[in-house]
Amino acid sequence: MIAAQIVPTPAGPLALLAREGVLVAAGFTTDPTEMFTRLTPALQAEGLEVVPDLGAASEAVRAYLDGDLLALDAIPVSQPGTPTRKRLHEALREVKPGTTVSYAELAERAGLPRTAARAAGSACSQNLIAPFVPCHRVLPSGGGYGGYYYGVPVKEWLLAHETGQMINAL
């Protein structure tokens, strides 16, 4: 069974989905089924149950919001993908809060050439476990924020939170 919880955050409701203590999806939505439908058919076959508390994952979100910016790193995650995509997701988890990288830099950190920036962008766009796999920390080399699955205002809020430059409204 996939267990889900909605955790309120200043950036909006955050749906967390876990299987046996491992986060398999997370995203800024009020409806956990939105994340559930993005899971593999094998995981979907297990069913979805909304629970009042996921324990460590929801505690990590609260700690992150309270200023422990490394709290999300302690939560185990698992998402499908090719070996290259998995390397890119692992490299994303190594980008520290308060810092950003370009898509080309992310590719390099994953052991790929800088020219694999498109692969890095694809890995970010297919990331199922935001902000635990922090694709919000990747910015286009040409400037600006680029895109974000949950909207640029959420990305801006996360980056401002991590740099201590809080913004009041989304």
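Residues numbered from 1 in each chain as written. Predicted model: local features only at pLDDT ≥ 70, side-chain atom pairs only at ≥ 80, totals over all residues. Heavy atoms only, no water.

**Here's the deal with the sheet that holds strand E1 (residues 2-7)**
1) Next: Pairing is mixed across the open sheet formed by four strands, whose spatial order is E3-E2-E1-E4. The open sheet has two edge strands with one neighbour each: strand E3 (22-27) and strand E4 (48-50). Neighbour to neighbour, the strand axes of the sheet diverge by 25 degrees on average, direction disregarded.
2) Next: In the sheet, strand E2 (residues 14-19) pairs with E3 via five bridges, with the strands oriented antiparallel. Within E3, the residue paired with Leu17 across the bridge is Ala25. (Pairing = 2+ DSSP bridges. Helix = DSSP H or I, 4+ residues; strand = E, 2+ residues; numbered from the N terminus. Axes fitted to C-alpha atoms, helices over the stretch in contact; angles between N-to-C directions.)

**Things to note about helix H6 (residues 117-125)**
1) Next: Every buried residue of H6 is listed here: Ala120, Ala123 and Cys124. Summarising the axial view, the buried residues of H6 lie within an arc of 100 degrees, below the 170-degree limit, and thus occupy one face.
2) Next: Close packing links the buried residues of H6 with helix H4 (83-93), helix H5 (103-109) and strand E6 (138-139). (Buried < 20%, exposed > 50% of the residue type's maximum accessible area, 1.4 Å probe, protein only. Arc of directions from axis to C-beta. Contact = heavy atoms within 4.5 Å.)

**Digging into the pattern of salt bridges**
1) Next: In the structure shown here, the tally under the stated rule is four salt bridges.
2) Next: For the salt bridge of Glu20 with Arg19, the shortest nitrogen-to-oxygen distance reads 4.0 Å.
3) Next: Using a relative accessible area of 30% as the deciding quantity, one classes Arg19 as partly exposed.
4) Next: Residue Arg19 is joined to Glu46 by a salt bridge in which the shortest nitrogen-to-oxygen separation is 2.6 Å. (Salt bridge = Lys/Arg side-chain N within 4 Å of Asp/Glu carboxyl O.)

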